[in-house]
Amino acid sequence: MTDSLPDVELKVSSYFSEVIDTLTELVAIPSVSWPAFDQTEVERSAEKIVSLVNELNFFDSVELLNAPIGQTQKLGQPAVVARREASPGYPTILLYAHHDVQPPGDISLWETPPFVATQKDGRLFGRGCADDKAGILVHLTSIRILKEIEHTPNIGVVLFIEGEEEYGSPSFENFLSLYRAKLESEVIVVADSGNWDTSTPALTTTLRGNVTFKLSLRTLDHALHSGMFGGVVPDSFTVFSQLVSSFFDKSGSVVISGLEKTQTSALSYSEERIREESGVLPEVDLIGSGDILSRLWTQPSVTITGVDFPSIENASNTLVPEISARISLRVAPGQQAQDAFDAFSGHAEEFLKSKAIFSITDVSTGEGFVADIQGWAAKSMQRCLSEAFGNECVEMGVGGSIPFISSFVDVFPGAQVLVTGVEDPDSCAHSPNESLDLDSLQKAIVAQTLFLLRCNQKSI
Ligand SMILES: [Zn+2]
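Criteria and cut-off values
- By convention here, each chain's residues receive numbers from 1 onward along its written sequence.
- In keeping with the predicted nature of the model, local features appear solely for residues at pLDDT of at least 70, side-chain atom pairs appear and are counted solely at 80 or more, and the whole-chain, interface and lining totals rest on all residues.
- Only hydrogens and water are set aside; all other atoms, that is, all heavy atoms of the structure, feed into the side-chain values.
- Lining residues are those with an atom within 4 Å of a point, where the points come from a 1 Å grid over the protein atoms alone and group into cavities, where a 1.4 Å probe fits but cannot get out, or pockets, open sets with protein on both sides within 12 Å along at least five of seven lines.
- Grid points are joined across faces, edges and corners, and a volume is the space filled by probe spheres set on the points.
- Runs of E in the DSSP output that reach at least two residues are strands. Runs of H or I that reach at least four are helices, and both are numbered from the N terminus.
- Each residue is assigned to one class: nonpolar for Ala, Val, Leu, Ile, Met, Phe, Trp, Tyr, Cys and Pro, charged for Asp, Glu, Lys and Arg, and polar for all the others, Gly among them.
- What makes two strands pair is DSSP finding at least two bridges between them.
- Lines are fitted to the C-alpha atoms to define the axes, a helix being fitted only along its stretch in contact, and any angle between axes, read from their N-to-C directions, falls within 0 to 180 degrees.
- We call two residues in contact when some of their heavy atoms are within 4.5 Å.
- Only the six-membered ring of Trp is used, alongside the rings of Phe and Tyr, when aromatic pairs are assigned; centres must lie within 6.5 Å, and planes under 30 degrees apart are stacked while those over 60 apart are edge-to-face, with the rest tilted.
- Think of it in three bands: with a 1.4 Å probe and only protein chains considered, a residue is buried below 20% of the maximum accessible area for its type, exposed above 50%, and partly exposed in between.
- Basic side-chain nitrogens of Lys or Arg form a salt bridge, by our definition, when they fall within 4 Å of a carboxyl oxygen of Asp or Glu.
- Distances define the donors: N, O and S atoms within 2.8 Å of the metal qualify, as do those within 3.2 Å of Na, K or Ca. Water is excluded, so some sites may look unfinished.
- We define the nonpolar core as a collection of buried residues of types Ala, Val, Leu, Ile, Met, Phe, Trp, Tyr and Cys that are connected through side-chain atoms lying within 4.5 Å of one another.
- For each domain, the first and last residues come from an automatic or database assignment.
- Buried area, as used here, totals the accessible surface that two parts lose on assembly, with accessibility defined by a 1.4 Å probe and the loss added over both.
- Whenever a nitrogen or oxygen atom comes within 3.5 Å of another N or O atom, the pair is scored as a polar contact, on the condition that within protein one atom can donate a hydrogen and the other can accept it, and that pairs from neighbouring residues in sequence are kept only if both atoms are in side chains.

Let us now look at the layout of surface pockets. Here the second largest pocket defines a volume of roughly 420 Å³. Forming the walls of the second largest pocket are 21 residues, and the residues nearest its centre are I287, G288, R295, L296 and S301. Those elements that provide at least two residues to the lining of the second largest pocket are α8 (271-278), α9 (292-297) and β11 (301-308). Looking at the lining of the second largest pocket residue by residue, the class counts come to 11 nonpolar, 7 polar and 3 charged.

Below, the structure written as structure tokens:
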């Protein structure tokens with residue numbers, strides 16, 4: 001029985017070429033969960049995972065499950081759930097990843113074929129290499145080594161590999177309530193985020209929430225000649241642009257009252273680095289105030305992501321009566337998405353009073369996340385990551401949202417949720433040329449194996 005770093009490192013490195021082979025097989029299945037793509041590929045990928053899990057010969061049960069979407073009869077994508085019960089007095093650890101992937105996007109922007117995992121300069125390129133098929137390999141390999149070292153471990157393990165994360169997990173809430181007993185656990189490890197960089201491991205401790213909706217506003221009952229009426233009668237675009245301006249102060253910080261913001265983090269992120277990673281043009285100033293990480297992680301942002309308005313080709317010399325916009329509101333972690341949306345719609349109502357009539361429809365909310373990392377599991381995972389990477393584990397935020405995490409917290413309020421992952425700033429998840437740093441993958445497997453071995457010595 002050992003949980004020493006060199007022993008675990010040796011085991012992981014002896015399996016690592018097999019790990020890459022299996023990851024390559026998974027990447028070859030284009031398991032895009034978006035309805036426009038061939039959905040049998042998502043099933044094929046789920047079945048492949050079932051066979052990989054069965055090879056471990058570790059779990060009491062291995063099942064392919066799905067749940068209905070909302071109130072409909074339509075079923076969500078298949079997830080793999082495997083469970084091994086804990087010995088009395090020992091914790092159960094749930095290991096989450098997802099086997100579906102984003103669409104490849106414009107193929108011409110890929111330097112290697114998206115569904116052929118290709119090694120180059122210590123990285124593996126391909127759709128899903130990092131997000132999140134590598135997460136599956138972290139789980140499978142750490143379980144394999146746990147079993148090899150401990151033979152009959154005391155801890156319980158639940159493996160939960162979801163199939164629709166990239167499509168917004170539409171059946172997730174029903175899934176959790178339907179299969180609650182199968183998923184019951186004390187610790188939930190979500191391997192779907194990333195590290196600060198390839199040499200600095202991280203736990204993700206905050207995520208922003210998100211609200212998206214359509215706002216339509218109208219100033220006229222029909223279009224008017226812009227020469228006859230312009231300058232007196234307001235057109236919809238002018239009022240809309242005034243509304244959008246009212247969201248921000250001069251620096252570009254969001255100033256909608258009722259939207260919370262908090263400060264973050266011990267880390268720092270230079271203007272130079274964000275300029276390089278984002279591709280913002282050198283002539284353009286950044287927006288917002290406060291340090292860059294708080295702007296990215298713990299302050300709200302508002303983005304107009306689409307507008308319905310006549311195109312230039314169809315532009316006539318008229319005052320246009322109506323405009324509709326798709327708006328994405330990122331919510332500071334800790335604020336309820338509904339409260340943030342209420343603050344936004346209160347602001348719009350106040351601002352548009354006597355300027356336009358308006359409606360807000362198609363509202364979709366996803367909650368943010370603030371991790372409680374005071375528990376024993378978080379402390380242990382931080383130590384394991386620090387040992388495996390040979391560098392102190394940091395706490396980081398993510399500006400994006402993983403809404404299903406708050407569903408986990410709602411259903412298992414007593415569980416400790418640890419958000420880990422294998423991505424790094426060059427991973428380009430969701431973009432062309434997605435890639436995985438192989439050294440980070442190897443270290444992530446070492447860290448999680450150490451974590452499971454140490455949980456196995458911990459009675460609760
Ligand atoms: Zn993911």
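Looking now at the sheet that holds strand β13 (residues 322-331). Strand-to-strand pairing in sheets goes through backbone hydrogen bonds, with the strands running parallel or antiparallel. Sheet architecture is open: 4 strands sit in the order β11-β13-β9-β14, paired in antiparallel fashion. Each end of this open sheet is capped by a strand with a single partner; those strands are β11 and β14 (357-366). Sheet twist, expressed as the average angle between the axes of neighbouring strands with direction ignored, equals 20°. As paired strands, β11 and β13 are joined by 7 bridges and run antiparallel to one another. What sits directly across from I304, in β13, is I327. Running over the sheet, helix α7 (residues 236-246) touches β9 (209-218), β11 and β13 and is turned about 150° from β9. The sheet strands contacting helix α10 (residues 337-352) are β9, β13 and β14, and the helix crosses β14 at an angle near 170°.

Right, let's talk about the packing of aromatic side chains for a bit. By the definition in use, this model includes 20 aromatic pairs. Both rings, one in F160 and one in F175, keep their centres 5.2 Å apart while their planes meet at 10°; by these two values the pair is stacked. With a gap of 15 residues between them, F160 in strand β6 (residues 156-162) and F175 in helix α4 (residues 172-178) connect regions that are remote in the sequence. Residue F160 is classed as buried on the basis of its relative accessible area, which comes to 0%.

It is worth spelling out the pattern of salt bridges at this point. Using the criterion set out here, one finds 16 salt bridges in the structure. Here E41 ties to R44 by a salt bridge, and the two come within 2.9 Å at their closest N and O atoms. Remark: R44 and E41 occur in helix α2 (residues 40-56); sequence separation between them is 3 residues, near one turn of the helix. Taking the shortest distance from any N to any O, the salt bridge between K443 and D439 comes out at 3.1 Å.

Coordination of the zinc ion by the protein is provided by H98 (NE2), D131 (OD), D192 (OD) and D192 (OD), with metal-donor distances spanning 1.9 to 2.8 Å. All donors of the zinc ion belong to a single chain; written as a sequence motif, their spacing is H-x32-D-x60-D. With a gap of 33 residues between them, H98 in strand β3 (residues 92-98) and D131 in helix α3 (residues 129-150) connect regions that are remote in the sequence. Taken as a pair, H98 and D131 share a single burial class, namely buried.

Moving on, we get to the nonpolar core. Formed by 91 residues in total, the largest nonpolar core has its most connected members in F160, L183, F408, L441 and F451. Each residue touching F451, except ones within four places of it in the same chain, is listed here: I93, V187, V189, A377, S380, M381, C384 and L418. Within the second largest apolar cluster, 27 residues are counted, among which are L329, A340, F341 and A348.

For the chain, the assigned domains are domain 1 (5-207 + 368-455) and domain 2 (209-262 + 299-366). Between the C-alpha centres of domain 1 and domain 2 there is a distance of 38 Å. With 9 residues of domain 1 at the contact, the number on the domain 2 side is 6 residues. Summing the contributions of domain 1 and of domain 2, the shared interface buries around 500 Å²; its carbon and sulfur component is 59%. On the surface where domain 1 and domain 2 come into contact, there are 0 salt bridges. Within the side of domain 1 that touches domain 2, the residues separate by chemical class into 4 nonpolar, 5 polar and no charged.

Applying the stated criterion across every chain, the model contains 2 cavities of 30 Å³ or more. In this model, the largest cavity occupies a volume close to 100 Å³. For the largest cavity, the lining is made up of 13 residues, of which V138, T420, G421, A444 and Q448 are closest to its centre. Of all the secondary structure elements, the ones that give two or more residues to the lining of the largest cavity are α11 (376-389), β17 (416-423) and α13 (438-455). Of the residues contributing to the lining of the largest cavity, the split by class is 9 nonpolar, 4 polar and no charged. The volume enclosed by the second largest cavity comes to roughly 50 Å³. Lining the second largest cavity we find Q77, P78, A79, E162, G163, E164, S171, F172 and F175. The residue inventory of the lining of the second largest cavity, partitioned by class, reads 4 nonpolar, 3 polar and 2 charged.

Another aspect to go through is the side chain of T212. Along the polypeptide, T212 turns up in strand β9. Side-chain polar atoms of T212 contact the side chain of R326, separated by 3.3 Å. Among all residues touching T212, those that are not within four sequence positions of it are R326, I327, S328, D362, V363 and S364.

Strands sit in the order β4-β5-β18 across an open sheet of 3 strands; the sheet is antiparallel. Two strands in the sheet have a free side with no partner beyond their single neighbour: β4 (118-120) and β18 (435-437). Between one strand axis and the next, the sheet turns through 25° on average, direction left out of account. Most of the contacts of α3 go to β18, to which it runs at about 50°, and overall it touches β5 (123-125) and β18.

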